[in-house]
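Listed here are the chains, written in short residue letters.
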Amino acid sequence: MEKDIEKIFADTKGFTFFQAPGRINIIGEHTDYNGGYVLPAAIDKKITVGVRKSGSNTIRAYSKEYNGLFTLPLPIVQCEEREGWVKHLKAVVLTLRDEIGFHLKEGLDIYITGNIPVGAGLSSSAALDVALTFTLNHLFSLGLSLLQIARFAQKAENEYVGVRCGIMDQFISVMGKKGRAILLNTSNMDYEYVPLALNDMRFVLFDTNVHHELRNSKYNLRRSECERGLKILQKTFSSDIKALSDVTEEQIKKNKGLFSGNVYKRLLYVVQENHRVLEMVKALKNKAYDEVGRLLYASHNGLKYLYEVSSPELDLIVDHLRERDGVIGGRMMGGGFGGCVLALIYKNYERDISDFIEDEYYTEFKRKLSIYPISITDGIAFH
Ligand code: GLA
């Protein structure tokens, strides 16, 4: 890293480094923008931002992995859709302006590196937004709380990058703790750390290497289907219903006739998945691993048949997991339409399972599968 920085910025003097991790989500998919529960954990794949004040009136920003050196004159006033990763930097600067009236007037040298695979559904862009917000907060003593850092990073993504994501990815990137997941209630931001006593087991990610181009627009579409359902519920029952997390499965089933087929399926999925998160926490606390497995597969089925965000690649991996010895369970993870399957596996079976699925995957799709064993780590840090 030092050598790269010297190559681009002449020397490393005065650089401070900030890190933000990607995440897995054990369960609770597409619940975070419906006021529901999620159960994510921060992972040992991170984005690192090195920064120093340059005394000039431009930002020079370089990223090895995400390609390119950008020179941005100050002040930053707009953010274009087609600007690649640098739009995240602009989005964060503009969000801080909107939210707290911060105007970036001093030039910066910024170096960005990381090992979160892009497009794999491990929240590389949330980690980048969080790392940049955290960096500016520290450098200019903005006094933001941890929750504000997460919220502003989410806002940057919503308002300027154009993805109407929930708060899960940013929250866990900020708040993650080694060896623990977080049960977060997104309707009031109450949270609780849940220890993961994995012992002879491990979470493993199977990355399909399929990154659907329409992922963001389909994500936004699912979100609007949920909003349509919510409006109908509010009109029919009460405006006290603030989010889908306020309704029960029974209520939805009894009133099936109110919704179009698609909206009905989306609502049913959300309320069932929300319930599964609490069941999962119970199962993990009781070390009831059969139940953990059942819940993971049930979540996958919901995402496949009701929420309709899975893909043939993700389904094939989950189908094989169901049949192998040494697997507790697995499911597609994140927004969907490609990305990763998350599996909980006994370590001494890991090699066999990975080899088998890799071969089957290649035979079926003529595409390489990437496999990442995961450790659960802390959230943002600087040094
Ligand atoms: C993406 C979003 C999250 C969440 C998940 C689905 O990762 O960024 O906010 O909605 O999809 O659970």
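A quick note: this is a predicted structure, and the numbers were derived from the prediction, not measured. (Residues numbered from 1 in each chain as written. Predicted model: local features only at pLDDT ≥ 70, side-chain atom pairs only at ≥ 80, totals over all residues. Heavy atoms only, no water.)

A. View of the site of the ligand. Residues in contact with the ligand, as listed here, are R23, E29, H30, D32, Y33, C165, G166, M168, D169, Y219, G334 and G335. Here E29 contributes a side-chain N or O atom positioned 2.6 Å from an oxygen atom of the ligand. For the ligand, an oxygen atom lies 2.6 Å from a polar atom in the side chain of Y219. Notes on the ligand: free accessible area 310 Å², of which the protein chains cover 90%. When the residues that make up the shell around the ligand are grouped by side-chain class, the tally is 4 nonpolar, 4 polar and 4 charged. (Near = heavy atom within 4 Å. Polar contact = N/O pair within 3.5 Å; in protein donor to acceptor, adjacent residues only side chain to side chain. Areas by Shrake-Rupley, 256 points an atom, 1.4 Å probe, with all protein chains shown as cover. Nonpolar A, V, L, I, M, F, W, Y, C, P; charged D, E, K, R; others polar.)

B. Representation of the packing of aromatic side chains in the model. Counted under the stated rule, the structure contains 13 aromatic pairs. Residues Y33 and Y219 carry aromatic rings whose centres are separated by 5.4 Å and whose planes lie at 70° to one another, so their mutual orientation is edge-to-face. Of this pair, Y33 sits in the loop between β1 (16-25) and β2 (37-38) while Y219 sits in helix α6 (residues 215-236), placing them 186 residues apart in sequence. On the basis of relative accessibility, which here comes to 13%, the residue Y219 falls in the buried class. Ring geometry for Y361 against F365: centres 5.2 Å apart, planes inclined by 55°, an arrangement best described as tilted. Remark: F365 and Y361 occur in helix α11 (residues 350-365); sequence separation between them is 4 residues, near one turn of the helix. Residue F365 is classed as partly exposed on the basis of its relative accessible area, which comes to 24%. The ring centre of F356 lies 3.7 Å from the NZ or CZ of R324, which sits over that ring. (Phe/Tyr/Trp six-rings, centres within 6.5 Å; stacked < 30°, edge-to-face > 60°. Helix = DSSP H or I, 4+ residues; strand = E, 2+ residues; numbered from the N terminus. Buried < 20%, exposed > 50% of the residue type's maximum accessible area, 1.4 Å probe, protein only. Lys NZ or Arg CZ within 6 Å of the ring centre and 35° of its normal.)

C. Structural view of the nonpolar core. If you look at the biggest cluster of nonpolar residues, it comprises 87 residues, and the most contacted ones within it are I24 and L39. Counting residues per element, this core draws most heavily on helix α3 (residues 124-139), which supplies 8 residues. Structurally, this core is a two-domain feature, drawing no fewer than three residues from each of domain 1 (2-195) and domain 2 (201-374). Not counting residues up to four positions away in its chain, the partners in contact with L39 are N25, I26, I27, A181, I182, L183, V194, V277, M280, V281 and L284. (Core = buried A, V, L, I, M, F, W, Y, C linked by side-chain atoms within 4.5 Å. Domains from an automatic or database assignment. Contact = heavy atoms within 4.5 Å.)

D. Representation of the pattern of salt bridges in the model. Taken as a whole and assessed by the stated rule, the structure comprises 26 salt bridges. Close ionic contact of K53 with E106 constitutes a salt bridge, the shortest N to O distance being 3.8 Å. One end of the pair, K53, is in strand β3 (residues 40-53); the other, E106, is in the loop between α2 (86-100) and β6 (108-114), with 53 residues separating them in the sequence. A relative accessible area of 39% places K53 in the partly exposed class. Between E279 and K282 there is a salt bridge, and its shortest N-O distance comes to 3.2 Å. Taken together, the residues E279 and K282, both in helix α8 (residues 261-285) and 3 residues apart, mark about one turn of the helix. Sharing partners across several salt bridges, the network here consists of R222, E225, K265, R266 and E308. (Salt bridge = Lys/Arg side-chain N within 4 Å of Asp/Glu carboxyl O.)

E. Geometry of the domain arrangement of the protein chain. When cut into domains, the protein chain gives domain 1 (2-195) and domain 2 (201-374). Inter-centroid distance (C-alpha atoms) of domain 1 to domain 2 is 26 Å. Contacts between the two partners involve 35 residues from domain 1 and, on the opposite side, 42 residues from domain 2. Seen at the junction of domain 1 and domain 2, the total is 3 salt bridges. Between E227 and R164 there is a salt bridge, with the nearest N and O atoms lying 2.7 Å from each other. Where domain 1 meets domain 2, there are 21 residue pairs in polar contact (both at pLDDT 80 or more). Within the residue set of the side of domain 1 that touches domain 2, elements represented by two or more residues are β1, β2, β3 and β8 (190-195).

F. Local environment of the sheet that holds strand β13 (residues 381-382). Read from one edge to the other, the open sheet built from 6 strands follows the order β5-β4-β6-β3-β1-β13, with strand pairing classed as mixed. Only two strands of the sheet have a single partner each, and these edge strands are β5 (69-73) and β13. Looking at chain direction, β1 and β13 are connected through 2 bridges and run antiparallel. Across the sheet, the residue bridging to F18 is F382, located in β13. On top of the sheet, α2 reaches β4 (58-63), β5 and β6; it is set at about 30° to β5, its chief contact. On top of the sheet, α3 reaches β1, β3, β6 and β13; it is set at about 45° to β3, its chief contact. (Pairing = 2+ DSSP bridges. Axes fitted to C-alpha atoms, helices over the stretch in contact; angles between N-to-C directions.)

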